[in-house]
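# Reading the structure
For reference, the chains in residue letters:
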Amino acid sequence: RQMIHAVSLGLALFGLWCLLSGIFLPLLIGLGIASVCLVVFIAHRMDVIDNETVPLHLNFRILAYWGWLTKEITKSNIDVARRILTPSLPISPRTFTVTASQRTAVGLVLYANSITLTPGTVTIDVREGEFEIHALTSESAEEVRAGRMDRRVARIEGKSQS
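Below, the structure is looked at part by part.

Next up on the list: the sheet that holds strand E2 (residues 121-127). The 3 strands lie next to each other as E1-E3-E2, forming an open sheet whose pairing is antiparallel. Here the strands that pair on one side only, and so sit at the sheet edges, are strand E1 (94-99) and E2. If you compare each strand with its neighbour and ignore which way they point, the axes differ by 25° on average. Direction of pairing for E2 relative to strand E3 (residues 130-135): antiparallel, over a ladder of 6 bridges. Bridging across to E3, Thr121 finds its partner in Ala135. Helix H5 (residues 138-145) contacts E1, E2 and E3 of the sheet and is inclined by roughly 5° relative to E1.

Dropping the structure here:
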């Protein structure tokens, strides 16, 4: 199992290297492969290659989630910008607690960061299975409370929710 994670890490690092480099001369590709092998070797020796470092269980379900999250971030950006540019639009800052249904640290981090990435909401504290959230408006608070984001992240983890 660790070998699968090591190979996946190597492929991901090499893919990133190729995207960032953009130069495909044989010497540079060889140096890139050597660099990736060295990093994977060091990570293996440090015993940090595991299910959290290389979350294979998230697989391709996360791509659909990223598309949905991008749409939500865009909608929230427009809403926050409208409230800034139109001072007559109400804001009603509040803090509240939501229960997170994720089972893994990766799932909890993904959920908490997704809330924070969405303008108008910020995860300000994480406790055992609960997040304290600050929301700029009652609408953004209700959006988080509705639990759509929580259910989507749980689905990425492979946890079925009703």
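Having put the structure on the table, let's press on.
A cluster of nonpolar side chains, contributed by Leu38, Phe41, Ile42, Met46 and Val48, occupies part of the molecular surface with about 480 Å² of accessible area. On the secondary structure map, Phe41 appears in helix H2 (residues 26-45). Judged by its relative accessible area of 48%, Phe41 is partly exposed.

This part is about the pattern of salt bridges. Scanning the entire structure with this criterion turns up 10 salt bridges. For Arg145, the salt bridge goes to Glu142, with nearest N and O atoms at 2.9 Å. One end of the pair is Arg145 and the other is Glu142, both in helix H5 and 3 residues apart, which spans about a single turn. You can call Arg145 partly exposed: its relative accessible area is 40%. Across the salt bridge formed by Arg148 and Glu143, the nearest N and O atoms sit 2.4 Å from each other. Judged by its relative accessible area of 32%, Glu143 is partly exposed. Ionic contacts of the salt-bridge type, sharing partners, join the residues Asp79, Arg82, Arg83 and Glu139 into one network.

In this section: the packing of aromatic side chains. Summed over the entire model, instances satisfying the criterion amount to 3 aromatic pairs. Taking 5.9 Å as the distance between ring centres and 15° as the angle between the ring planes, the aromatic pair formed by Phe14 and Trp17 counts as stacked. With Phe14 and Trp17 both in helix H1 (residues 2-21) and 3 residues apart, this pair spans about one turn of that helix. Arranged with centres 5.3 Å apart and planes meeting at 45°, the rings of Tyr111 and Phe131 form a pair that is tilted. Residue Tyr111 is located in helix H4 (residues 105-117), and its partner Phe131 is located in strand E3; the two are separated by 20 residues in the primary sequence. For the pair formed by Tyr111 and Phe131, the shared burial category is buried. The ring centre of Phe96 lies 4.3 Å from the NZ or CZ of Arg145, which sits over that ring.

All right, on to the packing of H4 against helix H6 (residues 148-157) then. In contact at an axis separation of 10 Å, H4 and H6 are set at 150° when each is read in the N-to-C sense. When the axes of H4 and H6 are compared, the pair comes out roughly antiparallel. Relative to H6, H4 is oriented so that their crossing is right-handed. Taking contact as the criterion, the partners of Gly107, Leu110, Tyr111, Ser114 and Ile115 in H4 are, on H6, Met149, Asp150, Val153, Ile156 and Glu157. The class makeup of the residues in the contact of H4 with H6 is 6 nonpolar, 2 polar and 2 charged.

Scoring rules and cut-offs
- Residues numbered from 1 in each chain as written.
- Predicted model: local features only at pLDDT ≥ 70, side-chain atom pairs only at ≥ 80, totals over all residues.
- Heavy atoms only, no water.
- Pairing = 2+ DSSP bridges.
- Helix = DSSP H or I, 4+ residues; strand = E, 2+ residues; numbered from the N terminus.
- Axes fitted to C-alpha atoms, helices over the stretch in contact; angles between N-to-C directions.
- Contact = heavy atoms within 4.5 Å.
- Patch = residues over 30% accessible without salt bridge, like charges linked within 9 Å, V, L, I, M, F, W, Y side chains within 5 Å.
- Areas by Shrake-Rupley, 256 points an atom, 1.4 Å probe, with all protein chains shown as cover.
- Salt bridge = Lys/Arg side-chain N within 4 Å of Asp/Glu carboxyl O.
- Buried < 20%, exposed > 50% of the residue type's maximum accessible area, 1.4 Å probe, protein only.
- Phe/Tyr/Trp six-rings, centres within 6.5 Å; stacked < 30°, edge-to-face > 60°.
- Lys NZ or Arg CZ within 6 Å of the ring centre and 35° of its normal.
- Parallel < 35°, antiparallel > 145°, perpendicular 65-115°, else oblique.
- Left-handed = near helix turned anticlockwise from the far one by under 90°.
- Nonpolar A, V, L, I, M, F, W, Y, C, P; charged D, E, K, R; others polar.

Honestly, it's all geometry; don't read function into it.
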